[in-house]
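# Observations on the three-dimensional arrangement
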Amino acid sequence: MKRPPRRWLLWGALLLLVVLLLGVLVFLAAEYEESRDQEALERDAAALAGDIRSGLVRNVQTLQALHSVAPTAASWQDPAAELLEQHRELVRLEWRDAGLRLLAERDSSYVSDLYGQMARTQALPDVRQACESAQRVSGPSFSPSYFWPMSSGLGMELMEMCLPVVRAGAAEGYLVATYALPGLLSELTNKALLRNRGLAFTEVDGTRLALHSTVSGSRSLQVASALLDLPGHTLMLRLESPRRVVGLFPNVLTAVVGALSLALLAVLVLLGRDMRRRQRAETEVAEALAFRKAMENSLVTGLRARDMNGRVTYVNPAFCQMVGFSASELIGSGLPAPWWPPELVNEYQQRQAVRLAGQVLPREGYESVFQRKDGTRFPVLIIEAPLIDAQGTQTGFMSAILDLSEQRRVEELNRASQERLQATARLATVGEMASLLSHELNQPLAAIASYASGSLNLLDDADAPPDLLRQAMQRVSEQAERAGRVIKSVADFVRRREQVREAVAPADLLEAILPLLGLQAKKLGIRVETRIAPGCPAVLCDRTMVEQVLLNLARNGMQAMPEGDPPLASGLRSIQIHIAPRRAQSADGEPLRKSWVEFAVTDHGKGLSDEVREKLFTPFFTTKAEGMGLGLSLCRTVIEQHGGALTFEPAQPRGTVFRFTLPGV
């Protein structure tokens, strides 16, 4: 078996020696603490005995004064009652003559029915013994204590005190005072010394005579006794106190010495462990710094830190690659920054001054334009926040910079794609309207041909009145104008214009599409109802595209009501277009300041099935044989580009309501 190293044996022996010394120290300290507590308990017992002795002496003086103020038995009663009220340790006062015959008596009101079980005469031997002793010493004398039973089944330890009464040098009998030993303990002792302690009168052999308080619990006790030496009798006062629980360290000094002893052994172990911890902590810090550096270097977002004076204190590789400058060229540079375009230097310096003045920075960031080292410009999004050190002091600003060049390119491609889609949908809508327009144009053209033929006949008839010919030509002109209005409405709608959002009154939007709606409504026997709420504001929109949305929704509603369904007599064969302002609300229910205008197009067709609702806005989905499935998809795209929303819901008693919102002016 391998033997342990010698140094470990030495350390073990030293540790055992320290433990033994510490055990001896604890034992001696515990003994010292116990002896000190015992001495303090004995001093308190002697003090309590002295308090009782002093109280009895004061009572003797008070009783001697009683016969000075009450010389007769009749006048003696009231002062005696008052004295009993003031001294609860007294239960009875008697005035007896020289032959111990009773002249006057008074019982304490605090002890009821004291002599209900036994007559007072049973205690006369103790009274006689005390008075004989008092006569011999010419002063107060006490009898031995005795147990006096009471009618309640309990009893009380009593003691007689006899005091000779002398007036003008002549003896006038005896004053007998009966003391209750529990009353002496409760009334003549210092209450502060009895907190959490037990106090009792005992015989010399330890028999308990009267009890005032006990120690709760079953812990070990410390006991101190003191003699109460009275003229004619001696009592033993017993004071009990719970023994202090001796812990591992009885007092602070022992604890300190023990802690220092153990610390002496542990210091070398702690020192070695601390060295290992320091090495491990340094390794972890180095790894954390390397990880943070690698993370910052791998970011595609540019990071830049500046102090309170605007000087650059840190940049990551992504920012250097973004602006085309190296880190050494940027760190330490101040204002104006080398990536600022020359023509925007003044504007940027004013903006920077506002930030350095302590203004609140926008959490969503702000857009700006940077210039690369080669002079090219590119848009960026800057998100800036205060840079706070470990003491809570702002030392500068930390910025995250995003290059928006690719995002802007994608947005431009998306915008062009949307424009092509809108143009395609506009042409598809015109194709669907071609058959309707051909029918409506046939009516004015047929009328023109008829009136022209009639005019030729009137020219051949020499007797025809000129007014009739003029009236026929006027009808030709009216029908030609009607055909021209129809064609112009379609041309204005289909013609591609530059998308410029402008403030347009809702009434103007309706006025632009009503001529086209009227053609189809007249053919299908549908009534077009429009209503604009009073005070409805203008909307900011691309007028042509919103007109197309309204026209598509209204035409879809008409197509949902084929001829005879619903019947004309029901009063439901109508398309309703209602426009009203609406106040939008935030997520917490508070109204927003921005106003909105709601457009509602209601038809009374058969409604939408569950399958159609799920695919309603899907491109190229249609329920019409001649449709392309782009109308509603385009409508929702147009409304969402304006910041609104397109929704639908069932109408009452039948049909569907399409609603969309546009921002108000």
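As a reminder, the structure under discussion sits directly above these lines.
Residues numbered from 1 in each chain as written. Predicted model: local features only at pLDDT ≥ 70, side-chain atom pairs only at ≥ 80, totals over all residues. Heavy atoms only, no water.

### Considering the overall build of the protein chain
The secondary structure content of the protein chain amounts to 14 helices and 22 strands. Across the 665 residues that make up the protein chain, the buried fraction comes to 39%. Sequence-distant contacts, at least 24 apart, represent 60% of the contacts inside the protein chain between residues at least 6 apart. As displayed, the protein chain offers around 37,800 Å² of accessible surface, 56% of which is attributable to carbon and sulfur atoms. (Helix = DSSP H or I, 4+ residues; strand = E, 2+ residues; numbered from the N terminus. Buried < 20%, exposed > 50% of the residue type's maximum accessible area, 1.4 Å probe, protein only. Contact = heavy atoms within 4.5 Å. Areas by Shrake-Rupley, 256 points an atom, 1.4 Å probe, with all protein chains shown as cover.)

### A few points about unusual backbone geometry
Omega for the peptide link from Q652 to P653 comes to 5°, which places this bond in the cis form. Secondary-structure assignment places P653 in the loop between β21 (646-650) and β22 (656-663). At L100, a position not held by glycine, the phi torsion is positive, near 65°. Taking the relative accessible area as the measure of exposure, L100 reaches 14% and is therefore buried. Look at S138: it is not a glycine, yet its phi comes out positive at around 55°. With respect to the helices and strands, S138 occurs in the loop between α3 (124-137) and β3 (141-142). Residue classification places S138 among the exposed positions, given a relative accessible area of 65%.

### Some details on the state of the cysteines
Evaluated as defined, the whole model comprises 1 disulfide. For C131, the disulfide goes to C162, at an S-S distance of 2.2 Å. Disulfide C131 to C162: torsion about the S-S bond roughly 100°, handedness right-handed. On the criterion of sequence distance, the pair formed by C131 in helix α3 and C162 in strand β5 (residues 155-167) is long-range, its members being 31 residues apart. (Disulfide = S-S within 2.5 Å.)

### A closer look at the packing of helix α12 (residues 543-559) against helix α14 (residues 631-641)
Contact geometry for α12 and α14: axes closest at 10 Å, N-to-C directions at 140°. Between α12 and α14 lies a crossing of left-handed hand. Across from M545, Q548, V549, N552, L553 and N556 in α12, the residues of α14 making contact are G631, L632, L634, C635, V638 and I639. Considering only residue class, the contact of α12 with α14 consists of 8 nonpolar, 4 polar and no charged. (Axes fitted to C-alpha atoms, helices over the stretch in contact; angles between N-to-C directions. Left-handed = near helix turned anticlockwise from the far one by under 90°. Nonpolar A, V, L, I, M, F, W, Y, C, P; charged D, E, K, R; others polar.)

### Notes on the pattern of salt bridges
One pass over the full model with this rule turns up 16 salt bridges. A salt bridge links E240 to R238; the shortest N-O distance between them is 2.8 Å. The residue R659 makes a salt bridge to E649 at a minimum N-O spacing of 3.2 Å. Here R659, found in strand β22, pairs with E649, found in strand β21; they are 10 residues apart in sequence, far enough to count as distant. Residue classification places E649 among the partly exposed positions, given a relative accessible area of 34%. Here the residues in one salt-bridge network are R92, E94, R96, E105, D107, R120 and E160, joined through shared partners. (Salt bridge = Lys/Arg side-chain N within 4 Å of Asp/Glu carboxyl O.)

### A closer look at the sheet that holds strand β7 (residues 198-202)
Spatially, the 4 strands line up as an open sheet ordered β8-β7-β10-β9, and their pairing is antiparallel. Looking along the sheet, the strands with just one partner apiece sit at the ends: β8 (208-213) and β9 (221-230). The sheet shows a mean angle of 20° between the axes of neighbouring strands, taken without regard to direction. Pairing analysis gives 5 bridges linking β7 to strand β10 (residues 233-242), with the strands arranged antiparallel. Across the sheet, the residue bridging to L199 is L239, located in β10. (Pairing = 2+ DSSP bridges.)

### Side note on the nonpolar core
Soluble globular proteins tend to bury their nonpolar side chains together. By size, the foremost hydrophobic cluster in this structure holds 42 residues, and its most contacted members are W76, L93, Y179 and F201. Once residues lying within four places of it in the same chain are set aside, the contact partners of F201 are I52, L181, L184, L185, T207, R208, L209, A210, L228, L235, M236 and L237. By size, the runner-up hydrophobic cluster in this structure holds 38 residues, among which are C536, V546, I577 and L662. (Core = buried A, V, L, I, M, F, W, Y, C linked by side-chain atoms within 4.5 Å.)

### Quick word on a nonpolar patch on the surface
A cluster of nonpolar side chains, namely V24, F27 and L28, defines an oily patch on the protein surface of about 310 Å² accessible area. In this structure, F27 sits in helix α1 (residues 6-69). (Patch = residues over 30% accessible without salt bridge, like charges linked within 9 Å, V, L, I, M, F, W, Y side chains within 5 Å.)

### Here's the deal with the pairing of strand β2 (residues 102-107)
Where strand β1 (residues 90-96) lies against β2, 5 bridges are found, and the strand directions are antiparallel. Across the sheet, the residue bridging to R92 is D107, located in β2. Taking the residues between adjacent antiparallel strands as the criterion, β1 and β2 are bridged by 5 residues, where L100 takes a positive phi near 65°.

### Things to note about the sheet that holds strand β11 (residues 302-307)
An order of β12-β11-β15-β14-β13 is seen for the 5 strands of this open sheet, with the pairing classed as antiparallel. Each of the sheet's edge strands pairs with one partner strand only, and the pair in question is β12 (312-315) and β13 (366-371). Strand-to-strand twist across the sheet, computed as the mean angle between neighbouring axes with direction ignored, equals 35°. By the bridge criterion, 6 bridges tie β13 to strand β14 (residues 377-388) in an arrangement that is antiparallel. Bridge pairing in β14 links Y366 to I382.

### Focus: α14
Looking only at α14, the buried set comprises L632, S633, L634, C635, T637, V638 and I639. G643 occupies a position one or two residues after α14 and carries a positive phi of about 90°.

### A look at α12
Spanning 17 residues, α12 covers 24 Å between terminal C-alpha atoms, matching the ideal 24 Å at 1.5 Å per step. Of all 17 residues in α12, 14 are buried; the element is thus mostly enclosed. (Expected span 1.5 Å × (residues − 1).)

### Some points on the side chain of H233
Its place among the elements puts H233 in strand β10. If sequence neighbours within four positions are ignored, H233 has contacts with F142, S143, P144, S145, M159 and L228.

### Details of the packing of aromatic side chains
For the coordinates displayed, the defined rule picks out 9 aromatic pairs. Arranged with centres 6.5 Å apart and planes meeting at 40°, the rings of W76 and W95 form a pair that is tilted. Here W95 lies in strand β1 and W76 lies in helix α2 (residues 73-86), a separation of 19 residues in the sequence. The buried category is assigned to W76, whose relative accessible area is 0%. Aromatic side chains F142 and Y179 sit 6.3 Å apart centroid to centroid with 40° between the ring planes, which places their arrangement in the tilted category. Of this pair, F142 sits in strand β3 while Y179 sits in strand β6 (residues 170-180), and the two are 37 residues apart along the sequence. Residue classification places F142 among the buried residues on the basis of a relative accessible area of 5%. Put simply, the rings of F319, W339, F370 and F378 touch in pairs and so form one group of aromatic residues. (Phe/Tyr/Trp six-rings, centres within 6.5 Å; stacked < 30°, edge-to-face > 60°.)

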